[in-house]
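Next come the chains, spelled out residue by residue.
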Amino acid sequence: MADESDPDEDVSSDASASPEAQLPPPEVLELDPVYEALGHPRRRYLCYTLLEDAEWSLTDLATKIAAWEHDVPEHAVTRDQRQEVYISLYHAHIPKLADEGVITFDEATERIETAEHAEQVLTALEGMGASLDVNQEVHARSDMNE
Amino acid sequence: MSKRSDDGSVGGDDFSSADTHWSQAAQRYYEPGGTGELTTAIVYAIADAQEVSPNELRGRPLYESVDVPAIEDAFFRPDGRGDSHHGVGSVEFRYTEYLVKVRSDGWVQVYEPTEPDRP
């Protein structure tokens, strides 16, 4: 099992060759990242936290989400509770949001930062979410109390 | 042609070789609707098989190997009416050297390759 340095193939699909025919306007097509990003409660929560702060560590995020799900203060989150969220973020939700261009994730530092599609996702979230996920939003936007 | 990147392509020989024998190394039960996600149950089962902490399973997110939400939809997603339209069966995929099987009864089983018994 050689340690292959994967040169991260950059598939830049520039749809410049598209016919100018009846394609919907770009801003409509670009709703896809919004729906994909917000299609899971943990990803919605993560996006709410990005409204609060544009940069997070994976561990802090996992702690915050676990606290919200179990309805306890952050300092009362157990190791197992945090780990369950951490694993699902690392193996599912972070790569998904990175795929959608909402965040970038630095594997070495475990820092999460907003990326090019973050703004439209967060704008949509603010518009649609307040009445549906008000507790989630309030909790996510509260400060870490450690 | 001699070198192919392992970008998820499952070579027929690699996967279905009659010489590959599998033995179960670990299993976890996934409970739909609980706080734990299917992704986590799979990662925990693989970590059990490797005898490492789940946090040590780094460098290759499960997301890149298999579409877990699709399995969730097929087997476990409640349809909101109390009806069960769930598929019955199992899905198998490879993660590094392991073969992972997700069964519709909730068991996630991890198999490792073993030397075939030769008489």
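Residues numbered from 1 in each chain as written. Chains lettered and ligands numbered in written order. Predicted model: local features only at pLDDT ≥ 70, side-chain atom pairs only at ≥ 80, totals over all residues. Heavy atoms only, no water.

Within chain B, the regular secondary structure consists of three helices and four strands. When its helices and strands are written in sequence order, chain B yields α-β-α-α-β-β-β. Counting every position in chain B, which comprises 119 residues, the buried fraction comes to 29%. In chain B, of all internal contacts separated by at least 6 residues, the share reaching a separation of at least 24 is 54%. (Helix = DSSP H or I, 4+ residues; strand = E, 2+ residues; numbered from the N terminus. Buried < 20%, exposed > 50% of the residue type's maximum accessible area, 1.4 Å probe, protein only. Contact = heavy atoms within 4.5 Å.)

Turning our eyes to something else, we now look at the pairing of strand S4 (residues 107-114) of chain B. Residues and elements named next belong to chain B. In this sheet, S4 lies alongside strand S1 (residues 21-29) in antiparallel orientation, the contact comprising eight bridges. Across the sheet, His21 pairs through a bridge with Thr114, a residue of S4. Counting the residues that bridge the hairpin from strand S3 (residues 98-103) to S4 gives three residues, and of these Gly106 lies at a positive phi of roughly 100°. (Pairing = 2+ DSSP bridges.)

Residues and elements named next belong to chain A. Structurally, Phe105 is set in strand S2 (residues 103-106). You can call Phe105 partly exposed: its relative accessible area is 23%. C-alpha of Phe105 to C-alpha of Ala115: the two residues are 10 residues apart in sequence and 9.5 Å apart in space. Aside from chain neighbours lying at most four places away, what touches Phe105 is Leu58, Tyr90, Ile94, Glu110, Arg111 and Ile112.

Estimates place the volume of the second largest pocket at around 770 Å³. If you trace the second largest pocket, you find 33 residues lining it, with A:His40, A:His93, B:Glu37, B:Glu72 and B:Arg77 closest to the centre. Looking at the lining of the second largest pocket, the elements with two or more residues in it are helix H2 (31-37), helix H3 (41-52), helix H4 (58-70) and helix H5 (79-99) of chain A together with helix H2 (38-50) and helix H3 (68-75) of chain B. The element best represented in the lining of the second largest pocket is H3(B), accounting for five residues. (1 Å grid on protein atoms, 1.4 Å probe; cavity = no way out; pocket = protein on both sides within 12 Å on 5 of 7 lines; lining within 4 Å. Points joined across faces, edges and corners; volume = space filled by probe spheres on them.)

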